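Coordinate analysis (summary)
Below, each chain spelled out in residue letters.
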Amino acid sequence: MDSHDSHEIAHVMPLKVLFSIFGLLIFFTILTVAIAQLHLGRWEIIISMLIATTKASLVAIYFMHLRYDNPFNAMVFVFSLVFVALFLGFTLVDVEQYQPDLIPVQDPIATGS
């Protein structure tokens, strides 16, 4: 017969903390929608990614109880965020190099203007 006594019980968090984090997630979602209406140029993607990373971190830390877990798991999470930021950063730098080639130049003679 299997015994279920060896399993640890998940950390119980106060409702005040959970509702505070939920409120922050709603605030950051509204902020994301508001920023999408603005034209911030090259800062738009950076700000959007920072907000998305903050929201993902809040979910992982509080709703997935990473705060009360083994510190090694938190370190793996932080390093994975850093590597994703590096990969996206290198990709965005590369996009600026060839983006002018993506916009076709219209020949006025060929279009009949």
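The present account deals with the structure reproduced in this document. Per-chain numbering applies: the sequence of each chain, read as written, is numbered from 1 onward. Owing to the predicted nature of the model, reporting of local features is limited to residues with pLDDT of at least 70; listing and counting of side-chain atom pairs is limited to 80 or more, with chain, interface and lining totals taken over all residues. To obtain the side-chain values, all non-hydrogen atoms of the structure were used and water was disregarded.

To continue, consider the environment of Gly-89. In this fold, Gly-89 is placed in helix α3 (residues 71–102). For the pair Gly-89 and Ile-46, spaced 43 residues apart in sequence, the C-alpha to C-alpha distance is 9.3 Å. Strands here are runs of E lasting at least two residues and helices are runs of H or I lasting at least four, both read from the DSSP assignment and numbered beginning at the N terminus.

Turning to the side chain of Ser-57, a few remarks are in order. One can find Ser-57 in helix α2 (residues 43–63). For Ser-57, a relative accessible area of 15% puts it in the buried group. Here Ser-57 is in contact with Phe-77 and Leu-81, once residues within four sequence places are set aside. Only protein chains enter the calculation, and the probe is 1.4 Å; a residue is then buried if its accessible area is under 20% of its type maximum, exposed if over 50%, and partly exposed in between. Note on contacts: a residue pair qualifies if any of its non-hydrogen atoms lie within 4.5 Å across the two residues.

The axes used here are C-alpha line fits, helices contributing only the stretch in contact, and every angle between their N-to-C directions lies in the interval 0 to 180 degrees. For the pair helix α1 (residues 15–37) and α2, the least separation of the axes is 10 Å and the interaxial angle reads 165 degrees. Put simply, α1 runs roughly antiparallel to α2. The element α1 and its partner α2 pack so that their crossing is left-handed. Between α1 and α2, the contacting residues are Val-17, Leu-18, Ile-21, Phe-22, Leu-24, Leu-25, Phe-28, Thr-29, Leu-31, Thr-32, Ile-35 and Ala-36 on the first element and Glu-44, Ile-47, Ser-48, Ile-51, Thr-54, Lys-55, Leu-58, Val-59, Tyr-62 and Phe-63 on the second. Under this scheme an angle from 65 to 115 degrees is roughly perpendicular, one under 35 degrees roughly parallel, and one over 145 degrees roughly antiparallel; angles in between are oblique. Take the far helix as your reference; a near helix turned counterclockwise from it by less than a right angle gives a left-handed crossing, and one turned clockwise gives a right-handed crossing.

A word on a nonpolar patch on the surface. A surface patch of nonpolar side chains, amounting to about 880 Å² of accessible area, comprises Leu-38, Leu-40, Trp-43, Ile-45, Ile-46, Met-49, Leu-50, Val-84, Leu-88 and Leu-92. Elements that contribute at least two residues to the nonpolar patch include exactly α2 and α3. The topology assignment puts Ile-46 in helix α2. Here, patches come from residues exposed beyond 30% relative accessible area and free of salt bridges, joined within 9 Å for like charges and within 5 Å for nonpolar side chains (Val, Leu, Ile, Met, Phe, Trp, Tyr). Here, Shrake-Rupley sampling with a 1.4 Å probe gives the accessible areas, and only protein chains in the shown set may cover a residue. A pairing counts as a salt bridge when a side-chain nitrogen of Lys or Arg comes within 4 Å of a carboxyl oxygen of Asp or Glu.

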